Amino acid sequence: MSGPITAIYVADPLTVMLSASAIRAAQAIAEGYARADNLRAEQQDYRNRLRDELKGADAAGREAAAQALLAAEAEFETLAALAQRYVAQENIDAMRPARAQAGDALQQATYLHTLQALTGELRAILLTESARRMDDLGQAILPERDVTPLTDVQRLLARISHLGELPQEIAGVAKEIADSPFMDTERVQLLTTELRMRIQRHVEAVRTREVQAASALILQQSLKDLGYQVEEVSSTLFVEGGVVHFRRQGWDNYMVRMRVDAKAGTSNFNVIRAAEEAGNELSVLDHLAEDRWCAEFPALLQALDVRGLHLNVTRRKAAGELPVQRVQKDKLPTFAEEDAPEHRQKLHTRELT
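Since we're looking at a predicted model, the values are computed, not measured.

Draft legend 1. Quick peek at the pairing of strand β5 (residues 266-275). In terms of burial, β5 is largely enclosed, as nine of its 10 residues are buried. With four bridges joining them, strand β1 (residues 5-11) and β5 adopt antiparallel strand pairing. For Ile-5, the partnering residue across the bridge sits in β5 and is Phe-269. Looking at chain direction, strand β4 (residues 254-261) and β5 are connected through eight bridges and run antiparallel. Directly across from Asp-261, in β5, lies its bridge partner Thr-266. Remark: four residues form the turn of the hairpin made by β4 and β5, two consecutive strands paired antiparallel; Gly-265 in that turn has positive phi of roughly 70 degrees. Of the strand pairs in this sheet, β5 and strand β7 (residues 325-328) are connected by four bridges, and their pairing is parallel.

In structure tokens, the structure reads:
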């Protein structure tokens, strides 16, 4: 039996980011297929015209589309092979999208677009990790440059070119070195060392933000995959802390509240009951709600762990040891009501009697 649960969360950075990329890819494919289905259902005439146009497309056009798909798949496989230096093969395979059905132009186009986006994310993840480690993997990923030799400063800045505009603290040191070509060698070495340290701090900060945002996405998707209704999870949940509520249909007024303390790196789970007024009045159903959540909690731990977000439980209260908190309904998110046929039948029966 279990009441409130406290856990320390620890993210495996690369696994978390790869898992989040896989989730986004799956969402993009699902959305693309949904759009295709809507097109078929609602715009039959347009669909027929599109099919006729596709049938009438010349061989060159079809060949170009096929080549684009092959190129995208080849690029993904190249990056996936390089990624094995940092992560296990199963983590790479987990983010690989399933191919679209042959002959369905709309699904093929969605698959191509998704694969290209996923490849871009994988490239950025590997470049950031290479910059953090200051190794040579980035050189194998970046497109070939001019053969003109790079200075130490140019080489360092090239490591973070994919992260966008340079922070002032980095640009300032780089400019100081560039503006002083006749500076004594020792001074140049000191400034170059400082530049390297600032770049590494910048990369660490970027990576931390990306991992925190990815962790929030993983939490939300894992809860949905387990069948819970979940309120929108902010991408800053693991940055600023906050609260997330989730429940299953059929839980009536009960739900689970997850409170994240970003500074302490902990999360607390407890069952709450929506009520007209806040308080701690006991209900005979409270124990059942806590026992139900206790039985389901391990599945959530496993789902998160597979995606690189580990929860180490540090405190667990027995059911009934603390009263289930009553929270005013108007302070809680509203979830969709059950709409199963048997549920509707119960409602109708109750109205008739």
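Still more ground to cover, so stick around.
Draft legend 2. Expanded view of the packing of helix α8 (residues 168-178) against helix α9 (residues 185-225). Orientation of α8 relative to α9, taken along the N-to-C sense of each, is 160 degrees, at an axis distance of 9 Å. With respect to α9, the axis of α8 lies roughly antiparallel. Relative to α9, α8 is oriented so that their crossing is left-handed. Of the residues in α9, those touching α8 at Glu-169, Ile-170, Val-173, Ala-174, Glu-176 and Ile-177 are Arg-187, Leu-191, Thr-192, Leu-195, Arg-198, Ile-199 and His-202. Grouping the constituent residues of the contact of α8 with α9 by class yields seven nonpolar, two polar and four charged.

Draft legend 3. Local environment of the pairing of β4. Of all eight residues making up β4, six are buried, and the element is well covered by its neighbours. In terms of strand pairing, strand β3 (residues 242-247) meets β4 through five bridges, oriented antiparallel. Each bridged residue has a counterpart across the sheet, and for Val-243 the counterpart in β4 is Arg-259.

Draft legend 4. View of the side chain of Thr-128. Within the element layout of this structure, Thr-128 appears in helix α5 (residues 105-133). Once you skip the residues sitting within four places of it in the chain, Thr-128 turns out to touch His-162, Leu-163, Val-203 and Arg-207.

Draft legend 5. Broad picture of the pattern of salt bridges. The tally for this structure, following the rule as stated, stands at 18 salt bridges. For Arg-85, the salt bridge goes to Asp-136, with nearest N and O atoms at 2.9 Å. Of this pair, Arg-85 sits in the loop between α3 (59-83) and α4 (89-94) while Asp-136 sits in the loop between α5 and α6 (137-141), and the two are 51 residues apart along the sequence. Across the pair Arg-132 and Glu-204 runs a salt bridge whose closest N-O atoms are separated by 3.4 Å. Taken together, the positions of Arg-132 in helix α5 and Glu-204 in helix α9 put the pair 72 residues apart, joining distant regions of the chain. You can call Arg-132 partly exposed: its relative accessible area is 24%. Through salt bridges with shared partners, a single network forms among Glu-129, Arg-132, Arg-133, Glu-204 and Arg-207.

Draft legend 6. Spotlight on the packing of aromatic side chains. Under the criterion given, the structure shown has seven aromatic pairs. Relative to Phe-238, the ring of Tyr-9 has its centre 4.9 Å away and its plane inclined at 75 degrees; by these criteria the two rings are edge-to-face. In this pair, Tyr-9 is assigned in strand β1 and Phe-238 in helix α10 (residues 237-240), connecting sequence segments 229 residues apart. It is Arg-248 that lies over the ring of Tyr-228; its NZ or CZ is 4.1 Å from the centre.

Draft legend 7. Looking closely at the nonpolar core. Phe-238, Phe-246, Phe-269 and Trp-293 are the most contacted members of the largest nonpolar core, which has 62 residues in total. One finds Ala-131, Leu-191, Leu-195 and Ile-199 within the second-largest nonpolar core, a separate group that totals 13 residues.

Draft legend 8. Region of interest: unusual backbone geometry. The backbone of Met-134 sits at a positive phi, close to 55 degrees, despite the residue not being glycine. Structurally, Met-134 can be placed in the loop between α5 and α6. Here Met-134 falls in the partly exposed class, since its relative accessible area comes to 21%. Positive phi outside glycine occurs at Asp-252, with the angle close to 55 degrees. Within the secondary structure, Asp-252 is located in the loop between β3 and β4.

Draft legend 9. Layout of a nonpolar patch on the surface. A surface patch of nonpolar side chains, amounting to about 330 Å² of accessible area, comprises Val-284, Leu-285 and Leu-288. Structurally, the position occupied by Leu-288 is in helix α11 (residues 284-306). Assessed through its relative accessible area of 55%, Leu-288 is described here as exposed.

Procedures and definitions
- Along each chain, the written sequence defines residue order, and numbers are assigned to residues from 1.
- At least 70 in pLDDT is required for a residue's local features to be given in this predicted model, at least 80 for side-chain atom pairs to be given and counted, and no such filter applies to totals for whole chains, interfaces and linings, which use all residues.
- The basis for every side-chain value is the complete set of non-hydrogen atoms in the structure, without hydrogens or water.
- Only protein chains enter the calculation, and the probe is 1.4 Å; a residue is then buried if its accessible area is under 20% of its type maximum, exposed if over 50%, and partly exposed in between.
- Put simply, DSSP H or I for four residues or longer makes a helix, DSSP E for two residues or longer makes a strand, and each gets a number counted from the N terminus.
- Strands pair, by our definition, only if DSSP identifies at least two bridges between them.
- In this analysis an axis means a line fitted to C-alpha atoms, helices contributing only their contacting stretch, and an angle means the value between N-to-C directions, from 0 to 180 degrees.
- Throughout this description, any angle smaller than 35 degrees is read as roughly parallel, any larger than 145 degrees as roughly antiparallel, any in the 65 to 115 degree range as roughly perpendicular, and the remainder as oblique.
- Left-handed is the label given to a crossing in which the near helix is rotated counterclockwise from the far helix by less than a right angle, and right-handed is the label when the rotation is clockwise.
- When checking whether two residues touch, look at their non-hydrogen atoms; a contact exists if any pair is within 4.5 Å.
- Ten residue types, Ala, Val, Leu, Ile, Met, Phe, Trp, Tyr, Cys and Pro, are classed as nonpolar, four, Asp, Glu, Lys and Arg, as charged, and the remainder, Gly among them, as polar.
- Any carboxyl oxygen of Asp or Glu that lies within 4 Å of a side-chain nitrogen of Lys or Arg is treated as forming a salt bridge with it.
- Each pair of aromatic rings taken from Phe, Tyr and Trp, with Trp reduced to its six-membered ring, is defined by centres within 6.5 Å and is described as stacked if the planes are under 30 degrees apart, edge-to-face if over 60, and tilted in the remaining cases.
- Both a distance and an angle decide whether a charge sits over a ring: NZ of Lys or CZ of Arg must be within 6 Å of the ring centre and within 35 degrees of the ring normal.
- Definition used in this section: a nonpolar core is a set of buried Ala, Val, Leu, Ile, Met, Phe, Trp, Tyr and Cys residues joined via side-chain atoms within 4.5 Å.
- In this scheme, patches are assembled from residues that exceed 30% relative accessible area and form no salt bridge. Like charges are connected within 9 Å, while nonpolar side chains (Val, Leu, Ile, Met, Phe, Trp, Tyr) are connected within 5 Å.
- For every accessible area listed, the method is Shrake-Rupley and the probe measures 1.4 Å; residues are considered covered only by the protein chains on display.

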